[in-house]
Amino acid sequence: MFLYQYLINPKTVRAVQPSSQFLSNKMIEAIHFKDTKYIIEYGPGTGVFTERLSKEEIRTQ
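Residues numbered from 1 in each chain as written. Predicted model: local features only at pLDDT ≥ 70, side-chain atom pairs only at ≥ 80, totals over all residues. Heavy atoms only, no water.

Q: What's the story with the overall build of the chain in this structure? I'm lost.
A: Looking only at helices and strands, one finds three helices and zero strands in the chain. Ordered by position from N to C terminus, the α and β elements of the chain give α-α-α. Each principal axis of the C-alpha distribution contributes one length, and for the chain these read about 45 × 20 × 15 Å. Within the chain, the proportion of its 61 residues that are buried is 11%. Accessible area for the chain stands at about 5,500 Å²; split by element, carbon and sulfur atoms hold 58% of it. In the chain, 8 side chains carry a positive charge and 6 a negative one; their mean positions are 6 Å apart. (Helix = DSSP H or I, 4+ residues; strand = E, 2+ residues; numbered from the N terminus. Buried < 20%, exposed > 50% of the residue type's maximum accessible area, 1.4 Å probe, protein only. Areas by Shrake-Rupley, 256 points an atom, 1.4 Å probe, with all protein chains shown as cover. Lys, Arg positive; Asp, Glu negative; His and termini not counted. Charge placed at Lys NZ, Arg CZ, Asp CG, Glu CD.)

Laid out in structure tokens, this is it:
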């Protein structure tokens, strides 16, 4: 479905496949959650980053 949406609407869909759990782990590994007060996510997606950040928030409380 992701690829299909990209093919029919390439100007608004900028990804040919959804982000993976591996990517979300790599993107947040440098965040020092104990020292971080706010995290802002920008743009639509499948929720893989929100889910990973939520798990980290629960773990650090």
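That covers the picture; the talk isn't over yet.
Q: Is there a simple way to think about a nonpolar patch on the surface in this case?
A: Nonpolar side chains collect at one region of the surface, where M1, L3, Y4, L7, I8 and V16 lie side by side and expose about 670 Å² of accessible area between them. Turning to its location among the elements, L3 is positioned in helix α1 (residues 2-8). Taking relative accessible area as the criterion, L3 reaches 45% and is therefore assigned partly exposed. (Patch = residues over 30% accessible without salt bridge, like charges linked within 9 Å, V, L, I, M, F, W, Y side chains within 5 Å. Salt bridge = Lys/Arg side-chain N within 4 Å of Asp/Glu carboxyl O.)

Q: Mind showing me how you'd approach the side chain of R52 here?
A: Structurally, R52 can be placed in helix α3 (residues 48-60). Polar contacts involving the side chain of R52 include one to the side chain of N25, which spans 2.5 Å. Sequence-distant contacts of R52, that is, excluding residues within four places in its chain, are made with Q21, S24, N25 and I28. (Polar contact = N/O pair within 3.5 Å; in protein donor to acceptor, adjacent residues only side chain to side chain. Contact = heavy atoms within 4.5 Å.)

Q: In this structure, what is going on with the pattern of salt bridges? I would like to understand it.
A: Two side chains bearing opposite charge may form a pair once their charged atoms approach each other closely. Taken as a whole and judged by the stated rule, the model has three salt bridges. The partner of R52 in a salt bridge is E56, and the shortest N-O contact between them spans 3.1 Å. Linking R52 with E56, this pair stays in helix α3, spanning four residues, or about one helical turn. By the burial criterion, R52 is buried, and E56 matches it.

Q: How should the side chain of S24 be read in this particular structure?
A: Within the element layout of this structure, S24 appears in helix α2 (residues 21-28). Looking at S24, the relative accessible area reads 0%, which means it is buried. Contact partners of S24, with chain neighbours within four places excluded, come to V48, F49 and R52.

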